[in-house]
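This is what each chain is made of:
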Number of protein chains: 2
Amino acid sequence: MREVAILGIGQVPVGEHWDKRLVELAGDAVFAALEDAQIKRVEALYVGNMMAGQLDKQSHLGALIADWVGFRGIEAMTVEAACGSGSLALRTAMIAVGSGLISSALAVGVEKMTDTSPRETTAALATAASADWEAIHGVTFVGLNALIMRRYMYEYGWQHHDFAPFSINAHANGALNPNARFQSPITENVYKKAAMIADPINLMDASAIGDGAAAVIVVPADLIKGQNEKPVVRIAGSSVATDSLAVHDRHDPLWLSAAEKSSREAYRQAGVGPEDIDFFELHDAFSIMAALSLEACGFAERGQGPRLALDGEITRQGRVPISTMGGLKARGHPVGATGMYQIVEAVQQLRGEAGPAQIDGAKVGMTQNIGGSGATIITHILKTE
Amino acid sequence: MREVAILGIGQVPVGEHWDKRLVELAGDAVFAALEDAQIKRVEALYVGNMMAGQLDKQSHLGALIADWVGFRGIEAMTVEAACGSGSLALRTAMIAVGSGLISSALAVGVEKMTDTSPRETTAALATAASADWEAIHGVTFVGLNALIMRRYMYEYGWQHHDFAPFSINAHANGALNPNARFQSPITENVYKKAAMIADPINLMDASAIGDGAAAVIVVPADLIKGQNEKPVVRIAGSSVATDSLAVHDRHDPLWLSAAEKSSREAYRQAGVGPEDIDFFELHDAFSIMAALSLEACGFAERGQGPRLALDGEITRQGRVPISTMGGLKARGHPVGATGMYQIVEAVQQLRGEAGPAQIDGAKVGMTQNIGGSGATIITHILKTE
């Protein structure tokens, strides 16, 4: 497979876009990516989305968005693996371009979640879990994560306030990102006093839903030179691994085996290890997920994710900066778009375009997007020279 | 891209499978494909499905089905373009294997539509149309096709009974297919007396929904020899094209421009033309769609699709046999699975395994799967030696 690079990026701020339809959000991100790439046309469009059929009563987003952005006729489709849909759109585009079949592709992640009632949105989100063994009992996604976090605290002896640095770091970085849903830093006191949602997960442990769209344009890496003065960002590693949908069915509910497997494969492809990663855009849908990702990807020992955070190693000045533009916690988590925001933000960092959130001299960035409570995990490693 | 071939096929009969969950249907098709291919393992799984999130309250089918069939951990995801989802799973698998990244992949199409009320199922189907310009007015899919058929009859001077041969041919062939939902031939009298659904579409013009699953295993073509005594079936052409979701927005609502575009590209790739096609599994969701596909793919002049049928050229003895195993009309139309049934049936024909429905000496088969009322159209050409 030929090597693939990212030529352009685009995003809309995450928020409650009651004035825009889903296709308009997607279009705005696409137009920004086209302008950034300085190209007029692509051959294919891959959409990452989870819930448009349920919440917008609109399936078939591929043809819809292709037409809206002026590319009526091109190849288009949607890819889905719950909250992991966004980065799967990138992987699908990468393989299509890498195969030689397609010369340029758009990957766009989009989700519109705030036009429906919280009850409808929560029910739609629950379809990412096992309908037969989890959702049927009424457990929501935050409920499932609360069960995992409670068990984790019991097994490894952590207190709730030990997770505070994850939330504080995300909000500190989100304050520097004009596209983040929340742009105010929080204090430890705010974390401690936040309302409980599903004990032990409080409001500051949970990411917020939102409306959003982000897009990238991918082309063969050897064609990129001369087209764009910006640093070339190559996709050096890309891997997907899966696990059981139902948490209880896993060998160890406190270990993200799909994160371990997909990060190992991505490291192998990129020829790097955890020590070479300059920043890590992980899937901090809940604080506990940030801890589990850091452990499964080799940044912390088993059960010691919170230690890394307490030691300040996850900040922009630390050993492994995470959620550098706010993460899911502060940038927001428009489900099918989230994985694409991670990619777009990683490219911003690698190009030196992250503004006040910039990680100095970042050359190797990793992103990790999680579908469900760990059942589909997609890791990408991006590199610049 | 390296050439890709189909090593194994599997299917379950289309029907009302009230005793099986969606994952079980998918699993049964996968197990049959694995047994047919005589292999134990694949590297990736691509699922074609449209409505599981809406009707089964279950998204995230990739990881779910991978786990169910014993492949926990492998790469997996869902692809969707409404009723075109099934064949997109094949195309995604083909590109992944063709790229060299994946050595063997499963593509499975699955849909479960009969556990919900007709109202729920009809509403879910309508998400394939434009939510903003079509579904919002309450028009169903059969309603949209009725508008197209009425206009077609007006423009080209056809009477309703001129479409009878499409339905009669499909049911005659379905009677020879043990996996078809309807296995009884019909007469012209049955067609004429069928209840009207949305004038001019009557019950015999419309395909039936159903529960179903079909699967194929794809591998590099050069690896297939020696693994299986069955004839090697290569994917010689594969192309996707799109159009506007809303019918009124097309230059000509009576011309499937995406079918023309994708069939032309598939012909080019395979080095063949319409005259070389031994049989054509087209998307006869409604009689009018069969006529429009035949025209757009070069088998009939514009407005003359029904003439081909009236002349008997679409039967198994005709110039371009269609719906050779019953088509959507008689085999049934379990939406996200339909495109995969077409592929599986084409492989049966090319291997000489179609039983009493066999087209003698078939070497080149074409399939065409349509999403929505023509907005996403996927054409494949399969060849055997």
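### Focus on the overall build of chain A
Along the backbone of chain A there are 13 helices and 11 strands. Against the compact-globule benchmark of 21 Å for 385 residues, chain A has a radius of gyration of 19 Å, which places it among compact chains. Taken over the C-alpha atoms alone, chain A extends approximately 55 × 45 × 40 Å along its principal axes. Once local pairs closer than 6 in sequence are excluded, the contacts in chain A between residues at least 24 apart make up 78%. Counting only carbon and sulfur atoms, one obtains 52% of the accessible surface of chain A, whose full area is about 12400 Å². Mean positive and mean negative side-chain charge positions of chain A (31 and 43 charges, respectively) differ by 1 Å.

### Topic: the side chain of Glu281(B)
Residues and elements named next belong to chain B. Among the secondary structure elements, glutamate 281 is positioned in strand E9 (residues 279–281). Despite its burial, glutamate 281 remains without a salt bridge, the nearest opposite charge being carried by arginine 331 at 4.9 Å. The contacts of glutamate 281, once residues within four sequence positions are left out, are Ser323, Thr324, Met325, Gln342, Glu345, Met366, Thr367 and Gln368.

### Regarding the relation of the copies chain B and chain A
Expressed as a screw transformation, the operator carrying chain B onto chain A has a rotation angle of 180° and an axial translation of 0.0 Å, and the superposed copies differ by an RMSD of 0.0 Å. A rotation of that kind, with that shift, is consistent with a two-fold axis. Counting the interface residues of chain B, we find that 100% of their copies in chain A are interface residues as well, pointing to one common contact surface.

### Details of unusual backbone geometry
Residues and elements named next belong to chain A. Residue aspartate 199 is joined to proline 200 through a cis peptide bond whose omega torsion reads 10°. Here proline 200 is to be found in the loop between strand E5 (196–198) and strand E6 (201–202). Even without being glycine, glutamine 38 reaches a positive phi, approximately 55°. Here glutamine 38 is to be found in the loop between helix H1 (22–37) and strand E2 (44–48). With a phi angle near 65°, histidine 60 is a residue other than glycine that sits in the positive phi range. Structurally, histidine 60 can be placed in the loop between helix H2 (52–56) and helix H3 (61–68). Judged by relative accessible area, histidine 60 falls into the buried class, the value being 1%.

### A closer look at the interface of chain B and chain A
Taken together, the contact between chain B and chain A spans 53 residues of the former and 53 residues of the latter. Run the count over chain B and chain A and you get 8 salt bridges. Notably, a salt bridge pairs Arg72(A) with Asp243(B), separated by 3.9 Å at the nearest N-O pair. At the boundary of chain B with chain A, the tally comes to 30 residue pairs in polar contact (both at pLDDT 80 or more). Split by residue class, the side of chain B that touches chain A holds 24 nonpolar, 16 polar and 13 charged. Examined bridge by bridge, strand E3 (residues 75–80) of chain A and strand E3 (residues 75–80) of chain B share 3 bridges and lie antiparallel to one another. Its bridge partner lying in E3(B), Thr78(A) is registered against Glu80(B).

### Points about the packing of helix H6 (residues 141–156) of chain A against helix H10 (residues 287–296) of chain A
Residues and elements named next belong to chain A. Interaxial distance between H6 and H10 falls to 10 Å at its minimum, and their mutual angle equals 60°. The way H6 lies across H10 gives a crossing that is left-handed. Contacts from Asn145, Ile148, Met149 and Tyr152 in H6 reach Ile288, Met289, Ala291, Leu292 and Glu295 in H10. Classifying every residue of the contact of H6 with H10 by side-chain character gives 7 nonpolar, 1 polar and 1 charged.

### Thoughts on the pattern of salt bridges
Inspection of every chain in the model, using the stated rule, returns 48 salt bridges over all chains. Close ionic contact of Arg302(A) with Asp252(A) constitutes a salt bridge, the shortest N to O distance being 3.0 Å. With a gap of 50 residues between them, Arg302(A) in the loop between H10 and helix H11 (305–310) and Asp252(A) in the loop between strand E8 (233–242) and helix H9 (257–270) connect regions that are remote in the sequence. Residue Glu3(B) pairs with Arg234(B) through a salt bridge whose shortest N-O separation is 2.3 Å.

### Looking at the pairing of strand E8 (residues 233–242) of chain B
Residue and element names in this part refer to chain B. In terms of burial, E8 is largely enclosed, as 10 of its 10 residues are buried. The pairing of strand E1 (residues 4–11) with E8 spans 2 bridges and is classified as antiparallel. Residue pairing across strands places isoleucine 6 opposite valine 233, the latter belonging to E8. Pairing of E8 with strand E11 (residues 376–383) involves 8 bridges; the strand directions are antiparallel. Looking at the pairing, threonine 242 lines up with threonine 376 of E11.

### As for the pairing of E3(B)
Summarising burial for E3(B): 6 of the 6 residues are buried, a large majority. Alternating residues of E3(B) divide into Glu75(B), Met77(B) and Val79(B) and Ala76(B), Thr78(B) and Glu80(B), and every residue in both groups is buried.

### What to know about helix H7 (residues 164–174) of chain A
Because an α-helix packs 3.6 residues into every turn, residues spaced three or four apart end up facing the same way. Burial analysis of H7(A) places 9 of its 11 residues in the buried class, the great majority of the element. Residues Ala164(A), Pro165(A), Phe166(A), Ser167(A), Asn169(A), Ala170(A), His171(A), Asn173(A) and Gly174(A) constitute the buried set of H7(A).

### Observations concerning the packing of aromatic side chains
Summed over the entire model, instances satisfying the criterion amount to 8 aromatic pairs over all chains. Arranged with centres 6.5 Å apart and planes meeting at 35°, the rings of Phe163(B) and Phe166(B) form a pair that is tilted. Phe163(B) gets classed as buried once you look at its relative accessible area, which sits at 0%. Residue Phe166(B) is classed as buried on the basis of its relative accessible area of 5%. Above the face of the Trp255(A) ring, Arg302(A) is positioned so that its terminal group lies 4.1 Å from the ring centre.

### So, helix H13 (residues 335–351) of chain B
All names here are of chain B. Here H13 contains 17 residues, and its C-alpha end-to-end distance of 25 Å stays within 8% of the 24 Å for a straight helix at 1.5 Å per residue. Most of H13 is tucked away: 17 of the 17 residues are buried. Phi turns positive one or two residues past the end of H13, at glycine 352, with a value near 75°.

What counts, and where the lines are drawn
Residues numbered from 1 in each chain as written. Chains lettered and ligands numbered in written order. Predicted model: local features only at pLDDT ≥ 70, side-chain atom pairs only at ≥ 80, totals over all residues. Heavy atoms only, no water. Helix = DSSP H or I, 4+ residues; strand = E, 2+ residues; numbered from the N terminus. Rg over C-alpha atoms; globule rule 2.2 N^0.38 Å. Contact = heavy atoms within 4.5 Å. Areas by Shrake-Rupley, 256 points an atom, 1.4 Å probe, with all protein chains shown as cover. Lys, Arg positive; Asp, Glu negative; His and termini not counted. Charge placed at Lys NZ, Arg CZ, Asp CG, Glu CD. Buried < 20%, exposed > 50% of the residue type's maximum accessible area, 1.4 Å probe, protein only. Salt bridge = Lys/Arg side-chain N within 4 Å of Asp/Glu carboxyl O. Least-squares fit on C-alpha atoms with pLDDT ≥ 70 in both. Polar contact = N/O pair within 3.5 Å; in protein donor to acceptor, adjacent residues only side chain to side chain. Nonpolar A, V, L, I, M, F, W, Y, C, P; charged D, E, K, R; others polar. Pairing = 2+ DSSP bridges. Axes fitted to C-alpha atoms, helices over the stretch in contact; angles between N-to-C directions. Left-handed = near helix turned anticlockwise from the far one by under 90°. Phe/Tyr/Trp six-rings, centres within 6.5 Å; stacked < 30°, edge-to-face > 60°. Lys NZ or Arg CZ within 6 Å of the ring centre and 35° of its normal. Expected span 1.5 Å × (residues − 1).

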